[in-house]
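# Structural overview for review
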Amino acid sequence: MTRRNNRPELRLWHDSAKNTPGLGCNLCREFELCGGLRVNTAFFDCLRFCCHNSENCDRVCRNNSDFVDRVREIGTFDLQNVPRAPILEAPMMPYFIPVVFHGNRRSMPINSEAVALPLFRMFNRKDSKPLFNEYTALCEDFVIQPGTKIILTGTAKDAPLERWWGLGGEKRRTIIRALKSAGVGLITTPNYSLFVDRPRWDDLHSIKRIAIIHEEFLREEMPTGLHVNGRTEADFERWIDYINTRPEITHISYEFTTGTGYAKRYKQHAIWLATIAKNVSRPLHLVVRGNSKVLPVLANAFAHISFLETSSFMKTVKRQRAHITANGALNWRASPTDSGATLDALFAHNLATVKKSMVDFSIPTNKIA
């Protein structure tokens, strides 16, 4: 007997092969940009997902009293009015990049060609001032070996993402300049979310914010990966058109966690990502985070790929030790430490073991470094 999956969001996943479009979609003035929704539930148009409580709602929706202001802050939903940016040369990043969230309980610098750090640990949450403007200080705080390439990941929960946008352009630029001085080699833009239970204007607003912030980073001469979030194939088609007209976009990024990481959904998003690589007229470097099962497909589609790996660090903090089973699977066992002991040895072991397990994927050898 097959167990039934009752996740309500499954019915809200866009699927143009199985579902019919909403009858009201082609009447919408944003239909050309949106492309319409095809979900497995009764709806006329995406206002079906309006909460009808605009006083306490933060969604970008035509029924919300601040709709005009939310559109004005991004200068319309159209991507093509985003200013042009310079073409920058980014340092070549390896295939495997561990994410390091802090330097607590460690004393030995990490032995890795590159590491990824959280963008939102780079500035003070109270006064928005940069916390680092020197490479040595950044390495000391996160216990990183000098000479290590540093990438910042903009993937986060909604609250930090909104804080970054709420800083305003000038404060964001001040932080970016400090990060450049601190030796950061590449940043992935904040991953403003596209939710399956919200009107499509909210999606279009998030997509535009991603493009705006990407341009801000490039304008300050900071190499940046464009986070190409999408909810439908039309969203990815818009990204293809945008990237093709913007040679300054050399890196894109994506995360396979939460909705995009679900077993029944990640393959569709991997296909959409591979479509970008196929239809953009130049090689692209993909920076990906989350479900590693997508790597074989994506590594064969993109010219270069870097995987931001979080398990080594998080499992170490939880005192778990990695091992590879007889059938080649990665597994974890409890590994308690003495009170006050450092985690250097456990972290080094976990990094080496997880990296070895990654090589077992069917990935072209020229993509692994």
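Everything in this summary refers to the structure shown in the same document. (Residues numbered from 1 in each chain as written. Predicted model: local features only at pLDDT ≥ 70, side-chain atom pairs only at ≥ 80, totals over all residues. Heavy atoms only, no water.)

### Some points on the overall build of the protein
In plain terms, the rule: Secondary structure counts use DSSP, requiring at least four H or I residues in a row for a helix and at least two E residues in a row for a strand, with both numbered from the N terminus. What the globule rule says is 2.2 Å times the number of residues to the power 0.38, and the radius of gyration is computed from C-alpha atoms. Here's how the labels work: a residue is buried when its accessible area is under 20% of the maximum for its type, exposed when over 50%, partly exposed in between, all with a 1.4 Å probe on protein chains only. We call two residues contacting when some pair of their heavy atoms lies within 4.5 Å. Per-residue and other accessible areas were derived by the Shrake-Rupley procedure at a 1.4 Å probe size, with only the shown protein chains allowed to occlude residues. Positive: Lys, Arg. Negative: Asp, Glu. His and the chain ends are not part of the count. Where a charge lies is defined by one atom per residue type: Lys uses NZ, Arg uses CZ, Asp uses CG and Glu uses CD.
The helix and strand inventory of the protein stands at 12 helices and 10 strands. Relative to the globule expectation of 21 Å for 369 residues, the C-alpha radius of gyration of the protein, 21 Å, shows essentially globular dimensions. Considering the protein as a whole, with its 369 residues, one finds that 52% of them fall into the buried category. Sequence-distant contacts, at least 24 apart, represent 69% of the contacts inside the protein between residues at least 6 apart. Carbon and sulfur atoms make up 50% of the accessible area of the protein, which totals about 17700 Å². Put simply, the protein has 50 plus and 37 minus side-chain charges, and the middle of one group is 6 Å from the middle of the other.

### Digging into empty space enclosed by the protein
We apply this condition: Computed over the protein atoms alone on a 1 Å grid, cavities are sets of points where a 1.4 Å probe fits but cannot get out and pockets are open sets with protein on both sides within 12 Å along at least five of seven lines; a residue lines them when it has an atom within 4 Å of a point. Grid points are joined across faces, edges and corners, and a volume is the space filled by probe spheres set on the points. Residues are grouped as follows: Ala, Val, Leu, Ile, Met, Phe, Trp, Tyr, Cys and Pro are nonpolar; Asp, Glu, Lys and Arg are charged; all remaining types, including Gly, are polar.
Applying the stated criterion to the full structure yields three cavities of 30 Å³ or more. Looking at the largest cavity, the residues that line it are His-102, Asn-104, Arg-106, Phe-313, Thr-316, Val-317, Leu-343 and Phe-347. Among the elements that line the lining of the largest cavity, the one with the most residues is helix α11 (residues 311-317), at three residues. Taken together, the residues of the lining of the largest cavity sort by class into four nonpolar, three polar and one charged.

### A look at unusual backbone geometry
Even without a glycine there, the phi angle at Thr-76 is positive, about 80°. Within the secondary structure, Thr-76 sits in the loop between α2 (67-72) and β1 (96-98). Overall, the relative accessible area of 38% leaves Thr-76 in the partly exposed class.

### Points about the nonpolar core
For clarity, the cut-off: In plain words, nonpolar cores are sets of buried Ala, Val, Leu, Ile, Met, Phe, Trp, Tyr and Cys residues tied together by side-chain atoms within 4.5 Å.
Residues Leu-117, Trp-164, Trp-239, Ile-252, Ile-276 and Leu-298 are the most contacted members of the largest nonpolar core, which totals 98 residues. Per-element accounting of this core gives the leading share, eight residues, to helix α6 (residues 200-219). Not counting chain neighbours up to four residues away, the residues in contact with Leu-298 comprise Phe-256, Ala-270, Leu-273, Ala-274, Leu-286, Val-288 and Ile-305.

### Thoughts on the pairing of strand β3 (residues 149-153)
Rules: Only strands that DSSP links by at least two bridges are regarded as paired with each other.
Most of β3 is tucked away: four of the five residues are buried. Judged from the five bridges that link them, strand β2 (residues 114-118) and β3 form a sheet pairing that is parallel. Considered in β3, the bridge of Pro-118 is made with Thr-153. Both β3 and strand β4 (residues 186-188) contribute to a ladder of two bridges, which runs parallel.

### Some thoughts on the pattern of salt bridges
Note the cut-off: Any Lys or Arg side-chain nitrogen located within 4 Å of an Asp or Glu carboxyl oxygen qualifies as a salt bridge.
Within the structure shown, the criterion is met by 16 salt bridges. A salt bridge links Asp-203 to Arg-231; the nearest nitrogen and oxygen atoms lie 2.7 Å apart. Here Arg-231 lies in the loop between β5 (224-227) and α7 (233-244) and Asp-203 lies in helix α6, a separation of 28 residues in the sequence. The exposure class of Arg-231 is buried, given its relative accessible area of 5%.

### Thoughts on the side chain of Asn-191
Relative to the elements of secondary structure, Asn-191 occurs in the loop between β4 and α6. On the basis of relative accessible area, Asn-191 is assigned to the buried category, the value being 1%. What Asn-191 contacts, discounting residues up to four positions off in sequence, is Gly-154, Thr-155, Ala-156, Leu-161, His-227, Asn-229 and Glu-255.

### A few points about the packing of helix α5 (residues 169-181) against α6
Helix-helix packing: each pair is described by the crossing angle between the helix axes and the interaxial distance. As a reminder of what qualifies: Axes here mean lines fitted to C-alpha atoms, for a helix over just the part in contact, with angles spanning 0 to 180 degrees between N-to-C directions. Roughly parallel means an angle under 35 degrees; roughly antiparallel, over 145; roughly perpendicular, 65 to 115; everything else is oblique. Each crossing is labelled by how the near helix is turned from the far one, with a counterclockwise turn of less than a right angle marking it left-handed and a clockwise turn marking it right-handed.
Following both chains from N to C, one finds α5 and α6 inclined at 45°, their axes separated by 10 Å at the closest point. Our classification of the angle between α5 and α6 gives oblique. Taken as a pair, α5 and α6 cross one another with a handedness that is right-handed. Here Gly-169, Arg-172, Arg-173 and Ile-176 of α5 come into contact with α6, specifically with Ile-213, Glu-216, Phe-217 and Arg-219. Per-class residue counts for the contact of α5 with α6 are three nonpolar, one polar and four charged.

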